[in-house]
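# Close look at the chain arrangement
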Amino acid sequence: MSDSVSLSGVGIGRGLALGPILRMPDPLPEPADVASTVGADAEKVRSAGALAATAADIRLRGQRAGGAAKDVLDAQAFMAEDPTLKDDVDARITSGKTAERAVYEAFAAFRDLLTSMGGYMGERATDLNDVSQRVVAHLQGVSAPGVPDPDYKFVLVARDLAPADTALLDLDKVLALITSDGGPTSHTAILAREKSIVAVVGATGALELTDDQTVIVDATTGAVTVDPTDEQKAAAEATIASRAAAADVPVGPGALADGTAVPLLANLGSVDGAEPAIEKGAEGVGLFRTEFLFLDADRAPTVAEQQEKYTQLLTAFAGKKVVVRALDAGADKPLSFLNDAPEENPALGLRGIRALRANEPILRDQLTALANADAATDADLWVMAPMVSTVEESRYFTKLAKELGIKTAGVMIEVPAAALLADRILPETDFASIGTNDLTQYTLAADRLLGSVASFQDPWHPAVLRLVGEVGRAGASLGKPVGICGEAAADPLLAVVLVGLGATSLSMSPAALADVRAELARFSLDQAKEFAELALSANSAVEARVAVVNAANAFTTSISTITESE
Ligand code: PEP
Ligand code: MG
């Protein structure tokens, strides 16, 4: 039982942290509105000097921080140097204000203007407050308000951190960040994301937290648990330790603990995604969703238009495997040039390979563009058909693709009929890739876009896993690769189960690669098969998951017991 309270906000990233709170010191008080004792000219010299010194100081911090922090801080330095703002300060001084008061008022007026614009500009308002405080601190000869620097690790709580502070946070000391203000596009959020700081922004009630309290900050859910129970602390510590272990696994090829290779590939929908995917260790592309390139097009793309994009993609992955999917149009991804007739039930309509077949010249153009791009580059191109449901479709697509110069042609298994007949479909083609998103939708008869049936959309369901197992078994006996490219592959423990069911590669959004890589490295192929058996013998998705989580935990506990007694 828990009697701790929770706050909630917007979590940035996926981290978790546990520690004592330290509040950001209160900002400087508003400078008093009193008459200047030194005269306007002297006040103008003082304010000009303070603005210039503050700009220089912020710029220096930016140089030290580098990366996105530098851009943010350079923008702040520009604010301090803004000639319109300086004119406003001077005008206020001329009317009798002190430099401190004039700076305070001029920045506040500018800030109110930005706030009234809302959105992205509104979120820049905090930056102005920070610059204002720094200029006033300089004028008063006191240190600028900043992040506390105790000799222990802490969770920093602030109204909204200034970019200068976020950029320079000592990550050895600051376990996490909680702000009461700021949204997901505030600079605090942008920088926290870049620096992988565990953060929850916009947490209502954060300012009521006090320095003696302990919190668990969960960026995945955006929850802040205040004064957690011992059980909650222990669970958080275990999660933090396993995430740290995951981060320590070097970026390298995916493999099980016994060395069985499980290539980890990226799901991409644009060429821009290539570089970040490679940085995260993607060993190639397991699903390139070509329809994403043409969602807005009102006519079919030409061979030349397509060839240019595919050449860029294959060039980025030179020497690596790239699985490109032929246009998967229909249902939630209609393409006007492929799906022109309105349908009552588009998820069960003329979609995927059916729509391509009904418009064969478009399919021929795409395959030709892909073959041309392949000939001009060094990647290992595989091309697959979406939403195949019959043996005949598999034969049709593979024959046409080969005829047009595609060396490796395969099919996606997303329809239960195709999974059940995998032993007859696979002989007709070179490989299969299982799309667990649609396979789950069609197996459970639950629209993947409909919130009211979302609980049915669980790829842990033993019926879905049994179908995956059918394909895995067919692939193994025929010596044909079977990849997984649905979201299921991004769930680390389910990924182990999928390998146990016969998947030979896993493809996922690049952000999931590290966690999946780490989880695979914990278990052998025999264990993966054991987990698969446990999941298959469950009666529901929940039971399957619980059974496998328990088996995995039991294994982890026995390992740590052995290690401790050594
Ligand atoms: C799938 O259905 O699992 C799949 C990978 O394809 P998409 O999500 O693009 O339908
Ligand atoms: Mg699909």
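This structure is a prediction, so every number in the text was calculated from the model and none was measured.

### Comments concerning the packing of aromatic side chains
- Summed over all chains, the structure comprises three aromatic pairs.
- With a centroid separation of 4.7 Å and 50 degrees between ring planes, the pair formed by Trp-382 and Phe-431 is classed as tilted. Remark: Phe-431 occurs in strand β14 (residues 431–434) and Trp-382 occurs in strand β12 (residues 380–388); sequence separation between them is 49 residues.
- Since its relative accessible area comes to 12%, Trp-382 is described here as buried.
- Since its relative accessible area comes to 2%, Phe-431 is described here as buried.
- On the numbers, 5.0 Å between centres and 75 degrees between planes, the contact of Phe-523 with Phe-531 is edge-to-face.
- Using a relative accessible area of 0% as the deciding quantity, one classes Phe-523 as buried.
- Residue class for Phe-531 comes out buried when judged on its relative accessible area of 2%.
- Here the aromatic cluster, defined as three or more aromatic residues joined through ring pairs, consists of Phe-523, Phe-531 and Phe-555.
- Positioned above the aromatic ring of Trp-382, the side-chain terminus of Lys-321 is 3.8 Å from the ring centre.
- Across the ring face of Tyr-396, the terminal group of Arg-357 is positioned such that the distance to the ring centre comes to 3.9 Å.

### What about the sheet that holds strand β2 (residues 10–12)?
- Strands sit in the order β1-β8-β7-β3-β4-β5-β6-β2 across an open sheet of eight strands; the sheet is mixed. The strands lining the two open edges of the sheet, one partner per strand, are β1 (5–8) and β2. Neighbouring strand axes in the sheet, compared pairwise and without regard to direction, differ in orientation by 30 degrees on average.
- Examined bridge by bridge, strand β3 (residues 16–23) and strand β4 (residues 154–158) share three bridges and lie parallel to one another.

### A short note on helix α19 (residues 492–500)
- When you tally the buried positions in α19, you get eight out of nine residues, the bulk of the element.
- Within the span of α19, buried status applies to Leu-493, Leu-494, Ala-495, Val-496, Val-497, Leu-498, Val-499 and Gly-500.
- Gly-502 sits one or two positions beyond α19 and adopts a positive phi of about 115 degrees.

### Concerning the sheet that holds β14
- The sheet built from eight strands closes into a barrel, its strands ordered β9-β10-β11-β12-β13-β14-β15-β16 with parallel pairing. The mean inter-strand angle of the sheet, taken between neighbouring strand axes irrespective of direction, is 25 degrees.
- As defined by bridge partners, β14 adjoins strand β15 (residues 482–484) across three bridges and the pair is classed as parallel. Directly across from Ile-434, in β15, lies its bridge partner Ile-484.

### Things to note about the site of ligand 1
- For ligand 1, the set of nearby residues contains 13 residues, the closest of which are Arg-289, Arg-325, Gly-435, Asn-437 and Arg-448.
- Take Arg-325: an N or O atom from its side chain is 2.8 Å from an oxygen atom of ligand 1.
- Note that an oxygen atom of ligand 1 is positioned 3.4 Å from one of the backbone N or O atoms of Gly-435.
- For the shell around ligand 1, the secondary-structure elements that each account for two or more residues are β10 (284–289) and α17 (436–444).

### Regarding the domain arrangement of the chain
- Each assigned domain of the chain is listed here: domain 1 (5–25 + 146–246), domain 2 (40–140) and domain 3 (264–556).
- A straight line from the C-alpha centre of domain 2 to that of domain 3 covers 52 Å.

### Concerning the coordination of the magnesium ion (ligand 2)
- Taken together, the protein donors to the magnesium ion (ligand 2) comprise Glu-414 (OE) and Asp-438 (OD), at separations of 2.0 Å. Placement of the pair is Glu-414 in the loop between β13 (408–413) and α15 (416–420) and Asp-438 in helix α17, with a sequence separation of 24 residues. Taken as a pair, Glu-414 and Asp-438 share a single burial class, namely buried.

Criteria and thresholds
Residues numbered from 1 in each chain as written. Chains lettered and ligands numbered in written order. Predicted model: local features only at pLDDT ≥ 70, side-chain atom pairs only at ≥ 80, totals over all residues. Heavy atoms only, no water. Phe/Tyr/Trp six-rings, centres within 6.5 Å; stacked < 30°, edge-to-face > 60°. Helix = DSSP H or I, 4+ residues; strand = E, 2+ residues; numbered from the N terminus. Buried < 20%, exposed > 50% of the residue type's maximum accessible area, 1.4 Å probe, protein only. Lys NZ or Arg CZ within 6 Å of the ring centre and 35° of its normal. Pairing = 2+ DSSP bridges. Axes fitted to C-alpha atoms, helices over the stretch in contact; angles between N-to-C directions. Near = heavy atom within 4 Å. Polar contact = N/O pair within 3.5 Å; in protein donor to acceptor, adjacent residues only side chain to side chain. Domains from an automatic or database assignment. Donors = N, O, S within 2.8 Å, 3.2 Å for Na, K, Ca; no water.

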